[in-house]
Amino acid sequence: MRVNFTVNGVEQTADDVWEGESLLYVLRERVGLPGSKNACEQGECGSCTVYLDGTPVCACLVAAGQAEGREVRTVEGLADGERLDPIQEAFVECGAVQCGFCTPGLLVQAHDLIERVPEPSDPEIREALAGNLCRCTGYEKILDAVRLAAARKAEAGR
Amino acid sequence: MEFLRPTSWGEALAAKADAPGAVPIAGGTDVMVELNFDKHRPEALLDLNRVGELATWSEEEDGRLRVGAAVPYARIIGELGGRLPGLAMAARTVGSPQIRNRGTVGGNLGAASPAGDSHPPLLAADAEIEVESAARGTRMIPAGEFYTGVKRSALAPDELIRAFHVRPAEGPQQFSKIGTRNAMVIAVCSFGLALHPSDQRIGTGIGSAAPTPRRAFEAEEYAAGELDWAGRSPLDERVARRFGELAARAAAPIDDVRGTAEYRLHALSVMARRTLTWAWKDYLNGGATACA
Amino acid sequence: MELGAPLDRVEGWDKVAGRARYSGEQRVAGVCHAVAVQAEIAHGEVLAVDATAARAVPGVIDVLAYGDAPALADTSDFELAVLQSPRVAYRGQIVAAVVAETLEIARHAQRLVRVTYDELGHDVELTPDHPGLYRPEKISPDDPPDTGEGEETPAEVSVDVTYETPAFHNNPMEPHATLAVWEGDHLTLYDSTQGAAAQRDALAALLGMPAERVRVVAHHVGGGFGSKGVPPRPNSVLAALCARRVGRPVKLAVTRQQMFSITGYRTPTFQRMRIGASKDGRIADIEHHVIEQTSTAREFAEQSGVVTRMMYAARARRTTHRLARLDVPVNSWMRAPGECPGMYALESAMDELAEACGIDPVELRIRNEPERDPDSGNPFSSRRLVECLRLGAERFGWSSRPEPGTRREGRHLVGMGVAAATYPAAARPAQALARVADDGSFTVSIAAADIGTGARTALTQIAADALGVPVARVRVEIGDSALPYGPLAGGSMGNASWGWAVLRACEGLRDGIARYGGAEPGLECRADTSGEIKNQEAYARHSFGAQFAEVRVDVDSGEIRVPRMLGVFAAGRVMNARLARSQFVGGMVMGLGMALTEESRMDREFGDYLNHDLAQYHVPVNADVLGIDAIWLDDPDPHANPLGGKGIGEIGIVGAAAAIGNAVHNATGHRFRRLPISPPSVIPHLP
């Protein structure tokens, strides 16, 4: 089947999509955006988190056909051209990135948190990132990065 | 495989009647896992995301809430947490925020897994499930009769789940769940409890400790009789313990990867005792609800 | 000085922008997809593979199976002799493969392949008295299975206990993926590997090709923890075979579920510890007897007992390793193979000895410090365990540790535990090329791997330091077997090995520039460290550390939480503080998983790991990790290598599970000797 949707502001048409295919597969294999990662295929790891009409979801659990006519935003769409989003900068600065495979999903999820909650508390950060597994960092630096990005955003908003 | 996209409830029912093998998909949190793991390939997927009414809820004339099958957990927490505190507590323990943004009670009911988190609070609160087929119209199925076996329900092949109906909490409600880590946990076992002060009754729901979610009737009757509803005297510790024992007695757990039967029985008695203790404390304080 | 500075990860921007390409993500025209058909029996022979229905599916390009697959030149390693024999040695073994135009078609057709078997009975369960236990010739990497010295003497205090650890799966976040591209008789493999050069050599040998005709590329690798080491995993071989067969590029992505049977795991163990000591805690004799499993497909003897050979002073010492050869998937390396399970047993037993002697566990370890390496007799290059223990005890507030089973806070029992950590510090020969680029900047090339460790960044710092230029003027190329030879990322040897070669190449280039009188583009220097490494002085080279943990045990449910952990490490010179800290903490958290949440459960009836996905195999989530901290001593070790570093990838996990287990004992007063310490196991022993 054919699926038409918008990804990172660009209208996309994917052809020959199998009806049981996930949005994640379409993004990675058909649209050429492999930033969202496939690590469990069951919504347990969060590596494939993308925005679907502004709400973070696991792209592996969205049927491709369900994305018809909707707006998707992936890790590739967080930066403004060559200018990284503050959450991306904070991940690099804090050393929250190691192997980088969990990073794209974490970034989208953290981006959403900071957009919704201007100054998130630690429990709020932990709760927001509860479904994003990381096997390298032990999470500590990831939490630091979210705190830093949130603080900067709050500072900029004052 | 076909991908069916009804845009109204009538179209959805018609599609399901035409293709009883079509698998309804809303949040996708169960259905897509089965597809990704290639466990089976249904003849069709029936996308319910475009049936707008399924993602709405309303107050009915009988005083109950009617909650569309495709209202995601995140909205149940945000919009109905005050009136359905037990279900909201359970919803908070479902997977991750990403899963709660998509996953629905309707999907939980459709999958009918004994580990589904919404079942215990639905049982405890006497919820009814509204299902419908194009051929036979609407049926209301009490939650206690909905689950018929491991991952099996009373839903007929040509029926779809439209909504669940449940009375807003008139007393404290609680939910407790035990797992091996601190988030992203499939229940080792779970327990839901609701106090119904107007009829001096207790509702319970047991998860992951029997082939189906089920109530602990003996425990409900025992505690309802022992509690001092009118005088509001504190809960006797012995009553709480006995309640826990009786709740565990209602279960029929097995050993599996997540836990042993013995541990599940122990954990159930602990959770039942704790939830009753918390709920009764709330009741004495005059509050309708409280969080664990 | 660039070395030691907390430089941002050099590929960090690519990773956060979603631009870093992992092996399965390279774009190649005409790519098709392969899916493995896995054995549904644990032991027996394939009688027939009927692919008629699968081949009839539109879009299926070919089906490979035994008798109908390209031949391999070397079939000596059964695990890698993919489709070369009808024998089935474990459930999940690759017995056929479908190649199709799309992944969906390949997956669908894979289910239509009918494989019939002659099923033989299987034996998949390791028991401490397994009748098939045998002594391997060697244990990994190349050590004797048994050692013994000194005579046993009657002891005043003795501990004789057995610990049990389950199988664990590495579970890096990136599942193994391979893209195989043949161009004429040249093979390029984009592969998730911890060592491009070693992977190339192994595949060339398997395929019977000269190494020059094989190239392995792995620019970015999403974690490995040993599971992407060399020898390769069978999926890489299968991808190469499929691509050769169909004459097109083939992508083969292993699923998370498949990883549980074909990409390795840590063996379960039974470890008996016997320690005899004087009343004042001085060890007289110590024994460590290890029982593990190995697969009939390939022997892997994890070296769990080696830690007892070098850790503490004793008059008599005995270690043994026995294996049972089972019809199970091939176990292999997982973060700190040997040291990790071995130190769980040794450091738990030390805690038991401390209790038996009535001596503080920190003090007990200090009393048993050896003067030289008890194993080799060589001096230690440096050994600062005592400082780690003392500093950690002070920082952690160890003096407030309660008597076992006495501190109750609400519905929680609270306790603290300590364990020592150690890991060998070695280096392997490597080559590097440093050259002046056309724009006057510097390019350093080596077939190193960055599997998330930060190697690319640390090597950039080492090079900049040696060249005396800012890091911005240095570009390090890694992750490609076409570059000068570098050993794989494993055994915490990566940075020492590659860094050494990079250092020498850059020193040589700097000299060359001085001689030439300027940084002329094209000037270059190639270094090879094999001679230097062969002539290293005789030292025992190890990192050391001390792990502290606090736990809270819910008396009703048995749930355990870890509110605080502290690791103090003496691991040589730290090349980049920011990256190092994450490596230590990440290791500690993996140790937390080992202690409390992780376990691969063998299904006795079917012979596979039951909980083979991330919903059921519980790696720690952020909510499991509360106050965790890692610090280190400033510890350049001049005898380790010219950089003074010792490797930090693995020591973080070593001892972590023991510290948590010892803390659970301190909290509850009960000793749990089987991991993971789960609520069901805890409940019967709570007050």
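Starting from 1, residues in each chain are numbered consecutively following that chain's sequence as written. Ligands are numbered from 1 and chains lettered from A, in the order in which they are written. Confidence filtering applies because this is a predicted model: local features only for residues at pLDDT of at least 70, side-chain atom pairs given and counted only at 80 or more, and all residues used for totals across whole chains, interfaces and linings. To get the side-chain values, all heavy atoms of the structure are used, and hydrogens and water are removed first.

Topic: the domain arrangement of chain A
All names here are of chain A. The source of the domain bounds is an automatic or database domain assignment. One can read the domain layout of chain A as domain 1 (3–77) and domain 2 (86–157). A C-alpha centroid distance of 21 Å is found between domain 1 and domain 2. Residue contacts follow a heavy-atom distance rule, with two residues in contact if any of their heavy atoms lie within 4.5 Å. In this complex, domain 1 contributes 16 residues to the contact, which on the side of domain 2 involves 14 residues. Note on domain 1 versus domain 2: buried area summed over both sides is about 1,200 Å², and carbon and sulfur give 59% of it. A pairing counts as a salt bridge when a side-chain nitrogen of Lys or Arg comes within 4 Å of a carboxyl oxygen of Asp or Glu. Taken together, the connections running from domain 1 to domain 2 amount to 0 salt bridges. Residues adjacent in sequence count toward polar contacts only when both atoms are side-chain atoms; beyond that, a polar contact is any pair of N or O atoms within 3.5 Å, and within protein one must be able to donate a hydrogen and the other to accept it. Viewed at the interface, domain 2 and domain 1 are joined by 5 residue pairs in polar contact (both at pLDDT 80 or more). Only DSSP runs of H or I reaching four residues or more are called helices, and only runs of E reaching two or more are called strands; each is numbered from the N terminus. Examining the composition of the side of domain 1 that touches domain 2, we find that 3 residues originate from one element, strand β3 (residues 49–52), more than from any other. Side-chain classes are defined by residue name, with Ala, Val, Leu, Ile, Met, Phe, Trp, Tyr, Cys and Pro counting as nonpolar, Asp, Glu, Lys and Arg as charged, and the others, Gly among them, as polar. Of the residues that constitute the side of domain 1 that touches domain 2, the class distribution is 6 nonpolar, 7 polar and 3 charged. Note on terms: buried area is the combined drop in 1.4 Å-probe accessible area of two parts once they are placed together, counting the loss on both.

Quick word on the domain arrangement of chain B
Residues and elements named next belong to chain B. When the domains of chain B are assigned, the result is domain 1 (2–48 + 58–166) and domain 2 (173–284). Computed over C-alpha atoms only, the centres of domain 1 and domain 2 are separated by 24 Å. The interface of domain 1 with domain 2 comprises 25 residues on the first partner and 28 residues on the second. Of the roughly 1,800 Å² buried where domain 1 meets domain 2, counting both sides, 64% is carbon and sulfur surface. Our count for the contact surface shared by domain 1 and domain 2 stands at 3 salt bridges. Counting every contact that joins domain 1 to domain 2 gives 6 residue pairs in polar contact (both at pLDDT 80 or more). Of all the elements in the fold, those that place two or more residues in the side of domain 1 that touches domain 2 are α4 (85–92), α7 (119–124) and β8 (147–149). Grouping the constituent residues of the side of domain 1 that touches domain 2 by class yields 15 nonpolar, 8 polar and 2 charged.

What about the UniProt feature "domain: FAD-binding PCMH-type" (unreviewed entry) in chain B?
Following the UniProt record, the feature "domain: FAD-binding PCMH-type" (unreviewed entry) maps to residues 1–171 of chain B here. When the span residues 1–171 of chain B is considered, its composition is 32% helix and 25% strand, and the gap between its end C-alpha atoms is 47 Å. UniProt positions are given in the numbering used here, feature names are shortened, and annotations may be inferred rather than shown by experiment.

A word on the pairing of strand β9 (residues 177–183) of chain C
Residue and element names in this part refer to chain C. Under the scheme applied here, a residue whose accessible area is under 20% of the maximum for its type counts as buried, over 50% as exposed, and between as partly exposed, the area being computed with a 1.4 Å probe on protein chains only. With 6 of its 7 residues buried, β9 lies for the most part within the structure. Where β9 meets strand β12 (residues 250–253), 4 bridges bridge the pair, whose relative direction is antiparallel. If you follow Thr178 over to β12, its bridge partner there is Leu252. The hairpin turn running from β9 into strand β10 (residues 186–191), its antiparallel successor, is 2 residues long, and Gly184 in that turn takes a positive phi close to 60 degrees. Being paired, for any two strands, means DSSP has found at least two bridges between them.

Observations regarding the pairing of β12(C)
Put simply, side chains in a regular strand alternate between the two faces of the sheet. In this sheet, β12(C) lies alongside strand β1 (residues 32–38) of chain C in parallel orientation, the contact comprising 2 bridges. Bridge pairing links C:Cys32 to C:Val250 in β12(C).

Things to note about the state of the cysteines
Our working definition of a disulfide is a cysteine sulfur pair at a distance within 2.5 Å. One pass over the full model with this rule turns up 0 disulfides over all chains. Cysteine A:Cys45 shares no disulfide, and the gap to the nearest cysteine sulfur, in A:Cys40, comes to 3.7 Å. Accessibility expressed as a relative area gives 2% for A:Cys45, which makes it buried. Free cysteine: C:Cys506, not disulfide-bonded; nearest cysteine sulfur from C:Cys525 at 8.4 Å.

Concerning the packing of aromatic side chains
Only rings of Phe, Tyr and Trp enter the pairing, Trp through its six-membered ring, and a pair is recorded when the two centres are within 6.5 Å. The plane angle decides the type: under 30 degrees is stacked, over 60 is edge-to-face, the rest tilted. Scanning the entire structure with this criterion turns up 14 aromatic pairs over all chains. Ring geometry for B:Phe146 against B:Tyr147: centres 5.7 Å apart, planes inclined by 85 degrees, an arrangement best described as edge-to-face. The exposure classification of B:Phe146 matches that of B:Tyr147, with both residues buried. A centroid spacing of 5.7 Å and a plane angle of 35 degrees characterise the contact between C:Phe396 and C:Phe548, whose relative ring orientation is tilted. Of this pair, C:Phe396 sits in helix α10 (residues 385–396) while C:Phe548 sits in strand β22 (residues 542–554), placing them 152 residues apart in sequence. An identical accessibility class is assigned to C:Phe396 and C:Phe548; each is buried. By the ring-pair criterion, three or more aromatic residues cluster together here, those being B:Trp229, B:Trp280 and B:Tyr283. We count a charge as sitting over a ring when the NZ of a lysine or the CZ of an arginine lies within 6 Å of the ring centre and within 35 degrees of the ring normal. Sitting above the plane of the C:Phe380 ring, C:Arg383 keeps its charged end 4.9 Å from the centroid. Its end group placed over the ring of C:Phe396, C:Arg564 keeps NZ or CZ at 3.9 Å from the ring centre.

Regarding the interface of chain A and chain B
On the chain B side, the residues contacting the 34 residues of chain A number 29 residues. For the pairing of chain A and chain B, the buried interface totals around 2,400 Å² over both sides, and the portion due to carbon and sulfur atoms is 54%. Our count for the contact surface shared by chain A and chain B stands at 15 residue pairs in polar contact (both at pLDDT 80 or more). For the side of chain A that touches chain B, the secondary structure elements donating two or more residues are β3, β4 (55–58) and α4 (122–128) of chain A. When residues in the side of chain A that touches chain B are grouped by element, the largest group, 4 residues, is from β4(A). Across the side of chain A that touches chain B, the residue classes tally to 14 nonpolar, 12 polar and 8 charged.

Quick word on the sheet that holds strand β2 (residues 23–25) of chain B
All names here are of chain B. If you trace the 3 strands from one edge of the open sheet to the other, you get β1-β3-β2, paired in parallel fashion. Two strands in the sheet have a free side with no partner beyond their single neighbour: β1 (2–4) and β2. The sheet shows a mean angle of 25 degrees between the axes of neighbouring strands, taken without regard to direction. Axis lines are fitted through C-alpha atoms, for helices just across the contact stretch, and the angle between N-to-C directions can take any value from 0 to 180 degrees.

Digging into the confidence of the model for chain B
A residue's pLDDT is simply how confident the predictor is in it, with values from 0 to 100. Looking at chain B as a whole, the pLDDT averages 94, with 98% of positions reaching at least 70. Across the assembled chains, the prediction reports ipTM 0.98 with pTM 0.97.

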